[in-house]
Amino acid sequence: MAVPSLSLSLLLLFTIALFFPFLISSSPVQDPELVVQDVHRSRRNLGYLSCGTGNPIDDCWRCDPNWEKNRQRLADCAIGFGKNAIGGRDGKIYVVTDSGDDDAVNPKPGTLRHAVIQDEPLWIIFARDMTIQLKEELIMNSFKTIDGRGSSVHIAGGPCITIQFVTNIIIHGLNIHDCKQGGNAMVRDSPRHFGWRTISDGDGISIFGGSHVWVDHNSLSNCNDGLIDAIHGSTAITISNNYMTHHDKVMLLGHSDSYTQDKNMQVTIAFNHFGEGLVQRMPRCRHGYFHVVNNDYTHWEMYAIGGSANPTINSQGNRFTAPDNRFSKEVTKHEDAPESDWKSWNWRSEGDLMVNGAFFTPSGVGSSSSYAKASSLGARPSSLVATITTNAGALSCKKGARC
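The structure displayed is predicted, hence computed values, not measured ones.

Caption draft 1: The arrangement of the overall build of the protein in detail. Across its full length, the protein carries eight helices and 31 strands. A total of 403 residues make up the protein; the buried ones form 54% of that total. Relative to all contacts within the protein whose residues are 6 or more apart in sequence, the contacts with residues 24 or more apart total 63%. Taken as a whole, the protein presents about 17,300 Å² of accessible surface, with 51% of it coming from carbon and sulfur.

Right under this line is the structure:
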């Protein structure tokens with residue numbers, strides 16, 4: 001049955017009042033159709049309303065069909081503790097044209113290694129699809145963005161990315177997997193300096209004394225040690241929108257129980273999908289302040305979130321789906337401490353969705369000052385996690401179209 005035009009107008013007015021109350025005044029509307037036209041114009045002008053996902057990072061830039069011409073806008077879309085990581089936003093575009101890595105001391109222009117060691121800010125992109133098998137760790141210099149959008153870029157089969165004692169780094173849109181140990185070799189870290197590197201751990205991304213770091217929309221799997229580790233006084237970090245699979249010790253945040261310099265560490269872990277084949281450490285935390293928000297945990301074998309040395313863990317709006325193994329239902333693991341110690345650690349679960357028998361063991365007195373230091377953004381309802389994380393991992397972006 002056809003809906004009368006007046007009824008359709010009233011329905012549209014009701015929708016407008018619900019979602020756009022600022023457009024509805026107390027005075028009568030003489031022509032409902034004019035209001036509807038105004039709303040359509042607003043949607044076109046604001047753009048993000050017409051393709052919004054509820055993921056605040058993606059809704060900041062993915063609706064732009066000209067993203068490829070406005071790449072550096074991404075740097076203004078970060079959230080959480082790493083939100084001030086601008087990477088190479090204020091520098092030139094550097095195009096990687098050569099997938100080789102033959103010389104870690106004298107890298108060729110056009111290679112990824114040559115790009116990341118430069119002193120000036122650079123926004124690094126790729127001329128085509130490529131797989132880069134690094135000869136040694138990729139030692140990054142400050143104010144760099146590695147942006148894989150528009151190409152399928154794999155860093156795999158050798159040592160991977162090291163962010164050591166540098167600041168303002170963005171790693172976006174890469175496939176990082178099968179990372180190996182490197183070292184006992186000379187490696188250049190700037191145009192003016194190279195030095196001897198001892199054996200590395202074989203992490204996908206190693207953050208060592210780094211700050212203002214944003215790791216977003218990468219796909220990571222099957223590395224020698226951790227997928228993403230942050231240690232030795234690293235802080236101001238956001239790890240978001242990544243898809244992690246097929247790995248044992250996923251993420252270590254904090255060097256050791258005795259390394260108290262990590263007490264100031266602040267890390268946001270948001271909108272990630274922890275997927276198939278994962279075992280533990282999503283993350284494993286020490287000393288600092290950790291905001292775990294709106295992630296989708298669909299697989300773990302031992303536990304999801306753990307820690308030692310009295311970290312503050314603020315878990316909000318996540319979805320935890322426990323494995324069928326009845327001995328692995330607990331989300332949390334208090335490491336290396338008796339209950340008499342860990343019962344005072346501030347770990348809380350707020351608005352998390354527990355599926356298939358999953359349960360979170362909270363602890364501590366819940367002091368507001370402690371959780372304030374472990375709060376970095378507003379959590380969305382856990383019922384929205386599937387939508388928010390549906391595009392986690394490296395995206396398939398095409399030039400001239402929304403990503």
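So, next bit.
Caption draft 2: Looking closely at the environment of Gly 82. Note that Gly 82 resides in the loop between helix 4 (58-61) and strand 1 (92-96). Residue Gly 82 is classed as buried on the basis of its relative accessible area, which comes to 0%. With residues up to four places along the chain from it excluded, the contact list for Gly 82 reads Val 213, Trp 214, Ala 236, Ile 237 and Thr 238.

Caption draft 3: Looking closely at the side chain of Asn 242. In this structure, Asn 242 sits in the loop between strand 16 (235-240) and strand 17 (243-245). The exposure class assigned to Asn 242 is buried, which follows from its relative accessible area of 0%. A distance of 2.9 Å separates a polar side-chain atom of Asn 242 from the backbone nitrogen of Asn 218. From its side chain, Asn 242 meets the backbone oxygen of Ser 240 in a polar contact 2.9 Å long. Residue contacts for Asn 242: discarding those within four places in its chain leaves Val 215, Asp 216, His 217, Asn 218, Leu 220, Phe 271, Asn 272, His 273, Ala 392 and Gly 393.

Caption draft 4: Region of the structure containing the nonpolar core. Core analysis: the biggest nonpolar cluster contains 63 residues, and Leu 112, Ile 146, Ile 161, Ile 163, Ile 205 and Met 244 have the highest contact counts within it. Ignoring anything within four residues of it in the chain, the contact list for Ile 146 reads Leu 112, Val 116, Ile 124, Phe 126, Leu 138, Met 140, Ile 170, Ile 171, His 172 and Leu 174. Of all hydrophobic cores here, the second largest spans 21 residues; its members include Trp 67, Leu 74, Phe 271 and Val 293.

Caption draft 5: Region of the structure containing the sheet that holds strand 27 (residues 312-316). Pairing within the open sheet is parallel, and its 10 strands lie in the order 1-2-5-8-13-16-20-24-27-30. Taken across any chain shown, the strands that pair with only one partner, and hence form the sheet edges, are strand 1 and strand 30 (347-350). Between one strand axis and the next, the sheet turns through 10° on average, direction left out of account.

Caption draft 6: Here's a closer look at the state of the cysteines. Within this structure, the stated rule accounts for three disulfides. Here Cys 160 is linked by a disulfide to Cys 179, with a sulfur-sulfur distance of 2.1 Å. One disulfide, between Cys 160 and Cys 179, carries an S-S torsion of -90° and so falls in the left-handed class. With Cys 160 in the loop between strand 6 (153-156) and strand 7 (161-164) and Cys 179 in the loop between strand 9 (175-177) and strand 10 (185-190), the pair connects residues that are 19 residues apart, well separated along the chain. The pair formed by Cys 160 and Cys 179 is uniform in burial state, with each residue classed as buried. Between the sulfur of Cys 397 and that of Cys 403 lies a disulfide, 1.5 Å long from S to S. Judged by its relative accessible area of 5%, Cys 397 falls in the buried class. On the basis of relative accessibility, which here comes to 11%, the residue Cys 403 falls in the buried class. Cysteine Cys 223 is unpaired, with the sulfur of Cys 179 as its nearest cysteine sulfur at 3.4 Å.

Caption draft 7: Up close: the sheet that holds strand 29 (residues 332-334). Strands sit in the order 4-7-12-15-19-23-26-29 across an open sheet of eight strands; the sheet is parallel. Unpaired on one side and paired on the other, strand 4 (138-139) and strand 29 mark the two borders of the sheet. Pairing between strand 23 (residues 284-286) and strand 26 (residues 305-308): three bridges, direction parallel. For Arg 286, the partnering residue across the bridge sits in strand 26 and is Ser 308.

Caption draft 8: Representation of the side chain of Ser 382 within the structure. Mapping Ser 382 onto the fold places it in the loop between helix 7 (368-372) and helix 8 (385-388). Setting aside residues up to four positions removed in sequence, Ser 382 forms contacts with Gly 317, Asn 318, Gly 351, Asp 352 and Leu 353.

Caption draft 9: Local environment of the pattern of salt bridges. One pass over the full model with this rule turns up 15 salt bridges. Between Arg 284 and Asp 336 there is a salt bridge, with the nearest N and O atoms lying 3.2 Å from each other. A residue pair is termed long-range when its members are at least 10 positions apart, and Arg 284 in strand 23 and Asp 336 in the loop between strand 29 and helix 6 (339-342) qualify at 52 residues. Arg 284 gets classed as buried once you look at its relative accessible area, which sits at 2%. Judged by its relative accessible area of 61%, Asp 336 is exposed. A network of salt bridges, in which partner residues are shared, links Arg 71, Asp 147 and Arg 149.

Calculation notes
- Residues numbered from 1 in each chain as written.
- Predicted model: local features only at pLDDT ≥ 70, side-chain atom pairs only at ≥ 80, totals over all residues.
- Heavy atoms only, no water.
- Helix = DSSP H or I, 4+ residues; strand = E, 2+ residues; numbered from the N terminus.
- Buried < 20%, exposed > 50% of the residue type's maximum accessible area, 1.4 Å probe, protein only.
- Contact = heavy atoms within 4.5 Å.
- Areas by Shrake-Rupley, 256 points an atom, 1.4 Å probe, with all protein chains shown as cover.
- Polar contact = N/O pair within 3.5 Å; in protein donor to acceptor, adjacent residues only side chain to side chain.
- Core = buried A, V, L, I, M, F, W, Y, C linked by side-chain atoms within 4.5 Å.
- Pairing = 2+ DSSP bridges.
- Axes fitted to C-alpha atoms, helices over the stretch in contact; angles between N-to-C directions.
- Disulfide = S-S within 2.5 Å.
- Salt bridge = Lys/Arg side-chain N within 4 Å of Asp/Glu carboxyl O.

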